[in-house]
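Below, each chain spelled out in residue letters.
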Amino acid sequence: MTSDPEFPDDFCADLANLFLWRRDVRRFRPTPLPEGALERLLDLASLAPSVGLSQPWRFVVVESTACRSAVKACFERCNAEALASFGGERAALYARLKLAGLNEAPCQFAVFADRGTQQGHGLGRLTMPATIEYSAVMAIHTFWLAARAEGIGMGWVSILDPAEMATILNAPPEWTLIGYFCVGYPCENHSVPELEREGWEVRHASMVIRR
């Protein structure tokens, strides 16, 4: 038995600031992460909650030039298709957006959710099997906040074909792609999301319904 930790007001204020300043980063400096930083952040990500204590997240660190080039090609094809789905001024705005840091980010990894995991013995998944994917997202968010606390930026690349990515990264068939992530030191920091700064969308307050 250990005593409950205390989180003073100053800590809570700093935590709120961390949430405010977390950004989806697309512009990175080429500076590599310090030795051991990635491993430390992955250890922190493993503290995330997961359904049935299943810990279904699978991190695939992508280091080879061949894999990174294949991922970039996949992104470029999918991004061209996405651009074609818009018209007029919205298409022009989309074309101006920088939606990935694949050329610059020194660290890149994919996150998969393992639906075949036996860890957790299926607890909590019978009626809501998607909680496996939700658990992987929780690990990603935990990594994201821990990285931001160290001044390290992270960007989520979702404009990708999951089947093609599974082939590129030789993922087992029971793994589901959650996302591809670029990690490194950002060129600049902002408290306002880039998509809001660029005029793509405006952040709104959460929708809350009471029954």
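Our subject in this report is the structure included herewith. (Residues numbered from 1 in each chain as written. Predicted model: local features only at pLDDT ≥ 70, side-chain atom pairs only at ≥ 80, totals over all residues. Heavy atoms only, no water.)

Focus: helix 5 (residues 131–149)
Formally: Helix and strand assignments follow DSSP, with helices taken as H or I runs no shorter than four residues and strands as E runs no shorter than two, numbered in order from the N terminus. A helix's residues, less one, multiplied by 1.5 Å, set its expected span.
Relative to the 27 Å expected for 19 residues at 1.5 Å per residue, helix 5 spans 27 Å between its end C-alpha atoms, a close match to the ideal helical length. Glycine 151 lies just past helix 5 and shows a positive phi near 80°.

Let's talk about the nonpolar core
To keep things clear, this is the line we draw: In this description, a nonpolar core means a group of buried Ala, Val, Leu, Ile, Met, Phe, Trp, Tyr and Cys residues linked to one another through side-chain atoms lying within 4.5 Å. Any residue under 20% of the maximum accessible area for its type is buried, any over 50% is exposed, and the rest in between are partly exposed; the area is computed with a 1.4 Å probe on protein chains only. Contacts are assigned to residue pairs that have any heavy atoms within 4.5 Å of one another.
Grouped together as the largest cluster of nonpolar side chains are 29 residues, with contacts concentrated most on Phe75, Leu102, Val157, Leu160, Met165, Leu169 and Tyr180. Secondary-structure elements contributing two or more residues to this core are helix 3 (65–84), helix 4 (88–96), strand 2 (107–114), helix 6 (162–168) and strand 4 (175–184). Looking at this core, the element that brings in the most residues is helix 3, giving five residues. Aside from chain neighbours lying at most four places away, what touches leucine 102 is Val71, Lys72, Phe75, Gln108, Val157, Tyr180 and Cys182. Formed by 26 residues, the second largest nonpolar core is a distinct cluster that contains Phe109, Val111, Ile140 and Ala146.

Brief notes about a negative patch on the surface
Rules: A patch is a set of surface residues, each over 30% in relative accessible area and not in a salt bridge, joined within 9 Å for like charges and within 5 Å for the nonpolar side chains Val, Leu, Ile, Met, Phe, Trp and Tyr. Working definition of accessibility: Shrake-Rupley area with a 1.4 Å probe, residue cover restricted to the visible protein chains. When a carboxyl oxygen of Asp or Glu lies within 4 Å of a side-chain nitrogen of Lys or Arg, that pair is called a salt bridge. Positive charges come from Lys and Arg alone, negative charges from Asp and Glu alone, with His and the N- and C-terminal ends not counted. By convention, the point assigned to a charge is CZ for Arg, NZ for Lys, CD for Glu and CG for Asp.
A grouping of Glu35, Glu39, Asp43 and Glu63 is seen on the molecular surface, where their side chains present a negatively charged patch. By secondary structure assignment, the location of glutamate 63 is in the loop between strand 1 (57–61) and helix 3.

A few points about the sheet that holds strand 1
Cut-off, in case you're wondering: Any two strands with at least two DSSP-identified bridges between them are counted as paired. Axis definition: a line fitted to C-alpha atoms, over the contacting stretch in the case of helices. Angles run 0 to 180 degrees between N-to-C directions.
Taken together, the four strands give an open sheet; going across it, the order is 1-2-4-3, and neighbouring strands pair in antiparallel fashion. Among the strands making up the open sheet, the edge pair consists of strand 1 and strand 3 (153–157). In this sheet, neighbouring strand axes are inclined to one another by 30° on average, regardless of whether the strands run parallel or antiparallel. Looking at chain direction, strand 2 and strand 4 are connected through eight bridges and run antiparallel. Following the sheet pairing, alanine 113 is matched in strand 4 by threonine 176. Contacts from helix 2 (residues 37–45) reach strand 1 and strand 2 within the one sheet, and its direction differs from that of strand 1 by about 170°.

Regarding the environment of alanine 70
Secondary-structure assignment places alanine 70 in helix 3. Sequence spacing of alanine 70 and isoleucine 168 is 98 residues, and the spatial spacing of their C-alpha atoms is 6.8 Å.

Some points on the pattern of salt bridges
Scanning the entire structure with this criterion turns up seven salt bridges. Salt-bridge contacts for arginine 27 lead to glutamate 194; the nearest nitrogen and oxygen are separated by 2.3 Å. Of this pair, arginine 27 sits in the loop between helix 1 (9–21) and helix 2 while glutamate 194 sits in helix 7 (residues 194–197), and the two are 167 residues apart along the sequence. Glutamate 164 is the partner of arginine 77 in a salt bridge, and the nearest nitrogen-oxygen pair spans 2.1 Å. Of this pair, arginine 77 sits in helix 3 while glutamate 164 is found in helix 6, placing the two residues 87 residues apart along the sequence.

Re the environment of isoleucine 159
Relative to the helices and strands, isoleucine 159 resides in the loop between strand 3 and helix 6. C-alpha separation for the pair isoleucine 159 and alanine 100, spaced 59 residues apart in sequence, amounts to 8.8 Å. Here isoleucine 159 is in contact with Cys74, Phe75, Cys78, Asn79, Tyr94 and Leu99, once residues within four sequence places are set aside.

Section: helix 2
The condition that has to hold: To be clear, the arc concerns the directions from the helix axis to the C-beta atoms.
All buried positions along helix 2 are accounted for by Ala37, Leu38, Leu41 and Ala45. Down the axis of helix 2, the sector holding all buried residues measures 95°, keeping them to one side. Buried residues along helix 2 sit in contact with strand 1, strand 2 and helix 5.

A few points about the state of the cysteines
Working definition of a disulfide: a covalent bond connecting the sulfur atoms of two cysteines. This is how the line gets drawn: Cysteine sulfur pairs qualify as disulfides if the two atoms are within 2.5 Å.
The final tally for this structure, using the stated rule, is zero disulfides. Cysteine cysteine 78 remains unbridged, with the sulfur of cysteine 74 as its closest cysteine sulfur at 4.2 Å. Look at cysteine 78 and you get buried, because its relative accessible area is 15%. In this structure cysteine 187 is not part of a disulfide, and its nearest cysteine sulfur, from cysteine 182, lies 13 Å away.

Notes on the side chain of serine 50
What counts, and what does not: Polar contacts, as counted here, are pairs of nitrogen or oxygen atoms within 3.5 Å of one another; within protein the pair requires one atom able to donate a hydrogen and one able to accept it, and residues that are adjacent in sequence qualify only if both atoms are side-chain atoms.
Inspection of the secondary structure assignment puts serine 50 in the loop between helix 2 and strand 1. In this structure the side chain of serine 50 is engaged in a polar contact, spanning 3.0 Å, whose partner is the backbone nitrogen of glutamine 55. Apart from the residues within four sequence positions on either side, serine 50 is in contact with Gln55, Pro56, Trp57 and Ser135.

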